[in-house]
Amino acid sequence: MKKFQPQGIRFMQHPKTFPKAIVLGIDGLDPALCRRLMAQGRLPHLARLAETGRFVALSTANPAQSPVAWTCLATGTNPGRHGIFDFIVRSPGAYLPRLSLTRPGPGGVPQPAYTGETFFETAAKAGLPVTAVRWPVTYPPAFDGVTTLAGLGAPDIKGRLGNYVQYAEDAPQTREAGGRGKFVPVRFADGRAELAVEGPLATVMGKRAAATVSLELTRSDGRLAYTLCGRSGSLEPGQWSPYLPLFFDTGQGGVVRGLTRLWLGSVTPLALYLGPLQIDPSQPHLPIAAPPGYAAELATALGGPYATLGMPEETKGLTDGVMTDEAFLALCDDVTREREAMLDYELGRFREGLLSVVFDTSDRIQHCFWRLHDPAHPLYDAAEAARLGPVIDDHMVRMDAVVGRTMAAAGDDTALFVCSDHGFCSYTRSINLNAWLVREGYLKLTPHDPADSGELFRFVDWPASRAFAMGFGSIYLNVAGREPQGVVTAGEPADSLARELAARLTALTDGNTAPIAAVHRQADLYEGPLAAQAPDLVVGCRPPYRVAWTSAIGGTGGAVFTDNRQKWSGDHCVDASFVPGSLFSNLPLAAAADGVAQTRLAATVCRCLGLTPAQHMAVDLLE
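Within any chain, residue numbers begin from 1 and follow the written order of that chain's sequence. Given that the model is predicted, a residue must reach a pLDDT of at least 70 before its local features are reported, and side-chain atom pairs must reach 80 or more before they are shown or counted; all residues, however, enter totals for whole chains, interfaces and linings. Hydrogens are left out, water is left out, and the side-chain values use all remaining heavy atoms of the structure.

Engineer: Quick question: what am I supposed to make of unusual backbone geometry here?
Structural biologist: Comment: phi is negative for the bulk of residues other than glycine, and the bulk of peptide bonds are trans. Here the bond from asparagine 62 into proline 63 is cis, since omega is 10°, no more than 30 degrees from zero. The numbering of helices and of strands both runs from the N terminus, where a helix is a DSSP run of H or I of at least 4 residues and a strand a run of E of at least 2. Mapped onto the elements, proline 63 comes out in the loop between β2 (54–59) and α3 (66–75). For the peptide bond that leads from proline 543 to proline 544, omega is 10°, which places it in the cis range. Relative to the helices and strands, proline 544 is located in the loop between β29 (537–541) and β30 (545–547). We note that aspartate 190 has phi near 55°; this positive angle belongs to a residue other than glycine. Whether a residue is buried, partly exposed or exposed follows from its accessible area with a 1.4 Å probe, protein chains only, as a fraction of its type maximum: under 20%, in between, or over 50%, in that order. Note on aspartate 190: relative accessible area 84%, which makes it exposed.

Engineer: In this structure, what is going on with the pairing of strand β23 (residues 414–419)? I would like to understand it.
Structural biologist: Every regular strand shows the same layout, with side chains that alternate between the two sheet faces. Taking burial as the measure, the six residues of β23 include six buried ones, the bulk of the element. Burial of β23 is two-sided: the residues Thr414, Leu416 and Val418 facing one way and the residues Ala415, Phe417 and Cys419 facing the other way are all buried. DSSP bridges decide pairing: two strands pair if at least two such bridges lie between them. Relative to β23, strand β1 (residues 20–26) runs parallel, the two sharing six bridges. Bridging across to β23, isoleucine 22 finds its partner in leucine 416. Note: β23 against strand β33 (residues 581–585), three bridges, orientation antiparallel.

Engineer: Would you explain the pattern of salt bridges in this entry?
Structural biologist: Any two side chains of opposite charge can pair, so long as their charged atoms come close to each other. Between Lys or Arg on one side and Asp or Glu on the other, a salt bridge is scored when a side-chain nitrogen of the former is within 4 Å of a carboxyl oxygen of the latter. The final tally for this structure, using the stated rule, is 37 salt bridges. Between arginine 223 and glutamate 236 there is a salt bridge; the shortest N-O distance is 2.7 Å. Of this pair, arginine 223 sits in strand β14 (residues 223–228) while glutamate 236 sits in the loop between β15 (231–235) and β16 (244–251), placing them 13 residues apart in sequence. Take arginine 223: its relative accessible area is 28%, and that puts it in the partly exposed class. For glutamate 236, a relative accessible area of 37% gives the class partly exposed. Here aspartate 344 makes a salt bridge to arginine 405, at a shortest N to O gap of 3.3 Å. Of this pair, aspartate 344 sits in helix α8 (residues 325–348) while arginine 405 sits in helix α11 (residues 391–410); the two residues are 61 residues apart in sequence, bridging distant segments of the chain. Assessed through its relative accessible area of 33%, arginine 405 is described here as partly exposed.

Quick look at the structure:
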């Protein structure tokens, strides 16, 4: 019986080169989820690729974190060569955490996060047209000859990851909310209120202060009217505003343009959410695209502005309780629609070379709605699960439709790859590695208020400490000559301590459960010139455990184990063996029954285009 051939895709009996290749990224596309939905007939396009080409699990990077994994996919090599080891890593020469999405350059100017040639660059160096839309960890764009719109890591107009503001009548005073938001009190007089929206720093009369614009509010008849930078409108409870332009005078004739959106929770008492201040793609003042005009080109193609923040789906607003599930899903729908339009625009003019577009809202939805997917989660609610529980499956069905559109547009002269960085699992219980290190005497603290979590290692007595945890599974030894106040002797004493920690952590129990599946040594995971920068140990949690948020940023207080009672309820920051990614292709790729390493994708893309992969790239998958 002849196999079904999906429209626009021809099954290739023998390896050959192609004038075109498409890499479609779907963040968090889990192979087990794909198998279940394909069996239900809900992913017909991915099922066709699996039948006529290849579907295989991708063994993800260790640790299984987006910056690490997407960089392994792009460079075709392990973190010991590209240099990203965790979402959060230590600052050079200090016991302080920093995000790994960029590297600090001269004067604090962000530089690209990693080293190592990507498959984008290999193709561009060969003279092929190359476009990469929203590939994570691409800010600032630094790929010669590659048309790029930066993804995860692209900042707000202040050069940060983006903070929301919640304006509320019942807020007693301005206060921070969980590190990513701010509550600001509002007082109405005769139904009107005027607020100052703070933007980037400005220089006025030689002094530096935040530039501001005015947000005017008027409420009547159950609606809230607003005026912001000359744009007026009104909202009912539960509504989002369109993108609103912002113009900040930064002094000396400089104007920084931005975008934001409002979401109205309630009129009386007022609960008004102001989203992060994003870079305006029509006139970006920070390098979110290359060439510089590409961001504006996309805005013209889409017929208006779009989200430019690296993570525009406001998970923090949802988990902080200032946004409803419905509001968050509406925002996710808008972001996905923008990405679909970008893909359609690029497919419409794709004639040769390499095109990559990454969809990552799939990751955010799984993070926030796994609580309705897993009946064992502390926040599971049967009624809510019946109402909103299908959102994860429904979004993957939408991604399958995106794959179908891509297949139809690709043609039989195109090598197509659909890949993910990792899979997903439930997150019901947290482990604070630093609290455990304190309890067991490896991390010593100075006298302090025991109710203070001590984030950023504020109370650590470094000359008395032998180990510390940072990020979502990294443990560093306080090695003499390497750390600022190191006390552990390098060599056998450090190796002995590492073995001791690994043994004790793998034997650790929480009731009748062993929360740690494996503790990996640096030398067992990484090879290459940057391997010495890696953590000494990588702790692989067993689902549904994950490292606690406060431990990730140097918090040393609190209990070792706690229930996760946040809406951020699904995760992948566990041992990599539990959360493989997925790879679909229209080609008969070589693959083992238990999957293949994700580092093999880069060379495969290069070979399909008739190019020689960079020397550091793992071997390709072509049969």
